[in-house]
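Breakdown of the fold
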Amino acid sequence: MRDRLLAAEKVRAIDWRDGTLYLLDQRALPFEETWLAYKDAAGVAEAIRSMVVRGAPAIGISAAYGLLLGVRQRLAEGGDWRASLEADFAVLGEARPTGVNLSWALNRMRERLRRLKEGDDPSQVMEAEAQSIHDSDREANLNMAQLGVELIRRYQGSEQTVLTHCNTGALATGGFGTALGVIRGAWLDGMIEHVYVDETRPWLQGTRLTAWELVNEGIPVSVNADSAAAHLMKTKGITWVIVGADRIAANGDVANKIGTYQLAVNAMHHGVRFMVVAPSSTIDMSLASGDEIVLEERDGSELLEIAGTRIAPDVEVCNPVFDVTPADLIDVIVTEKGIVERPDTAKLAQLMCRKRLH
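This write-up is about the structure you can find in this document. Bear in mind that the values here come from a model prediction, so they are computed numbers and not experimental data.

A few words on the overall build of the protein chain. Within the protein chain, the secondary structure is distributed over 12 helices and 16 strands. Taking 21 Å as the expected radius of gyration for a compact globule of 358 residues, we find that the protein chain reaches 20 Å, a close match to that expectation. Projected onto its principal axes, the C-alpha positions of the protein chain cover 65 × 55 × 40 Å. For the protein chain, the residues scored as buried account for 57% of the 358 residues in total.

So this is what it looks like as structure tokens:
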């Protein structure tokens with residue numbers, strides 16, 4: 001199956017070449033495919049903040065390349081480049097707070113800096129580390145897709161109707177995708193009959209991005225309003241809800257795009273299995289539960305405007321962009337290291353001790 005997955009890799013959102021980071025501007029999709037070039041850490045941080053790039057794994061990868069650009073700039077400026085680099089760590093780290101992949105990638109870059117030896121070229125060493133982070137995410141995507149497909153086959157076999165939320169495909173990662181990667185893999189294996197995609201207000205990642213990826217691959221897809229999900233579970237024979245994650249606490253609580261929590265509640269009521277697909281870098285063992293996760297709230301204009309056009313009166317806005325799904329609503333978490341069914345603290349601790357796929 002791995003060869004078929006590799007052959008199906010058609011979309012990418014991040015490209016590092018000739019000392020420049022290129023990001024596919026996801027705000028312009030599906031109507032325009034525009035690549036933006038970045039040459040400094042501050043620019044990459046703004047790209048993350050303004051949603052040019054989004055999706056926890058893609059944000060982490062972009063931040064690693066952003067830090068690399070910071071290293072190159074500080075070296076060129078001379079002086080105490082390590083001290084100056086702290087400003088780049090700070091601006092990148094503050095770009096978006098909820099997804100742990102951002103801090104994970106920056107911590108990995110910091111640790112590699114710490115291990116520099118006399119005579120090492122910092123620029124070359126840090127470029128290799130950023131590319132390693134990118135490559136490892138791509139590899140993790142492939143492993144997760146295979147594991148998720150095996151899980152679907154084990155529980156329900158062919159002709160599945162699934163529902164997903166937000167965008168968790170190639171656009172959100174360094175490769176094949178997380179939750180959407182499992183769906184793509186199951187389609188290639190002949191097990192998917194139809195995919196329902198929540199539109200995902202307010203940025204419409206489901207409508208603009210997930211539907212775009214699926215249509216381009218010929219996978220049968222319908223976009224629905226987020227509020228239609230329970231009705232679809234009741235009437236359309238949905239067998240799985242498959243979503244990604246931006247941060248997973250040690251007990252298995254999952255922070256993901258706003259609306260995920262209500263999907264899990266509805267899935268349990270309707271007997272629909274609920275799968276979370278995310279790389280192990282998304283698991284934050286320093287947080288005991290989801291209560292400790294900082295949930296980002298964004299500007300109210302995102303709800304009051306569509307494409308810059310005001311659609312609401314002068315009113316207060318509550319715009320949380322993530323929520324936390326309790327572990328007891330989750331049937332399974334799929335990572336590149338393995339599968340955790342009915343997640344809890346002990347099971348996740350055991351998973352994180354593994355050094356490779358089991």
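The discussion continues.
Moving on, we get to helix α2 (residues 41–49). Within α2 the residues assigned to the buried category are A41, G43, V44, A45, A47 and I48. At its buried positions, α2 is contacted by β2 (20–24), β3 (35–38), α3 (56–77), α4 (81–93) and α5 (100–114). Here α2 starts with a cap whose side-chain oxygen sits 3.3 Å from the backbone nitrogen of A42, and that cap is D40. Downstream of α2 by one or two residues, M51 has phi in the positive range, about 75 degrees.

A separate point is the layout of surface pockets. The space that makes up the largest pocket amounts to roughly 320 Å³. Lining the largest pocket are R27, R201, P202, W203, L204, R208, S301, E302, E305, I306, A307 and G308. Going through the elements one at a time, α11 (301–304) and β12 (305–306) are the ones with two or more residues in the lining of the largest pocket. Looking at the lining of the largest pocket residue by residue, the classes come out as five nonpolar, two polar and five charged.

Turning to empty space enclosed by the protein, a few remarks are in order. Taken as a whole, this structure holds one cavity of 30 Å³ or more when the rule is applied. Of the pockets and cavities examined, the largest cavity occupies roughly 270 Å³. Lining the largest cavity are 28 residues, with R54, G55, A56, D246 and N256 positioned closest to its centre. Tallying contributions element by element places α3 first for the lining of the largest cavity, with three residues. Here the residues of the lining of the largest cavity are counted per class, giving 12 nonpolar, 11 polar and five charged. Three or more residues apiece are contributed to the lining of the largest cavity by two domains, here domain 1 (1–135) and domain 2 (156–352).

Here we take up the sheet that holds β3. Taken together, three strands build an open sheet; the order of strands is β1-β2-β3 and the sheet is antiparallel. Every interior strand has two partners, whereas the edge strands, β1 (14–17) and β3, have only one. Across the sheet, the mean angle from the axis of one strand to that of its neighbour is 25 degrees, orientation sign disregarded. Pairing of β1 with β2, which is carried by four bridges, proceeds in the antiparallel orientation. Looking at the pairing, I14 lines up with L23 of β2. Against the sheet, α3 contacts β1, β2 and β3, and its axis sits at roughly 25 degrees relative to β1.

Basis of the calculations
- Residues numbered from 1 in each chain as written.
- Predicted model: local features only at pLDDT ≥ 70, side-chain atom pairs only at ≥ 80, totals over all residues.
- Heavy atoms only, no water.
- Helix = DSSP H or I, 4+ residues; strand = E, 2+ residues; numbered from the N terminus.
- Rg over C-alpha atoms; globule rule 2.2 N^0.38 Å.
- Buried < 20%, exposed > 50% of the residue type's maximum accessible area, 1.4 Å probe, protein only.
- Contact = heavy atoms within 4.5 Å.
- Polar contact = N/O pair within 3.5 Å; in protein donor to acceptor, adjacent residues only side chain to side chain.
- 1 Å grid on protein atoms, 1.4 Å probe; cavity = no way out; pocket = protein on both sides within 12 Å on 5 of 7 lines; lining within 4 Å.
- Points joined across faces, edges and corners; volume = space filled by probe spheres on them.
- Nonpolar A, V, L, I, M, F, W, Y, C, P; charged D, E, K, R; others polar.
- Domains from an automatic or database assignment.
- Pairing = 2+ DSSP bridges.
- Axes fitted to C-alpha atoms, helices over the stretch in contact; angles between N-to-C directions.

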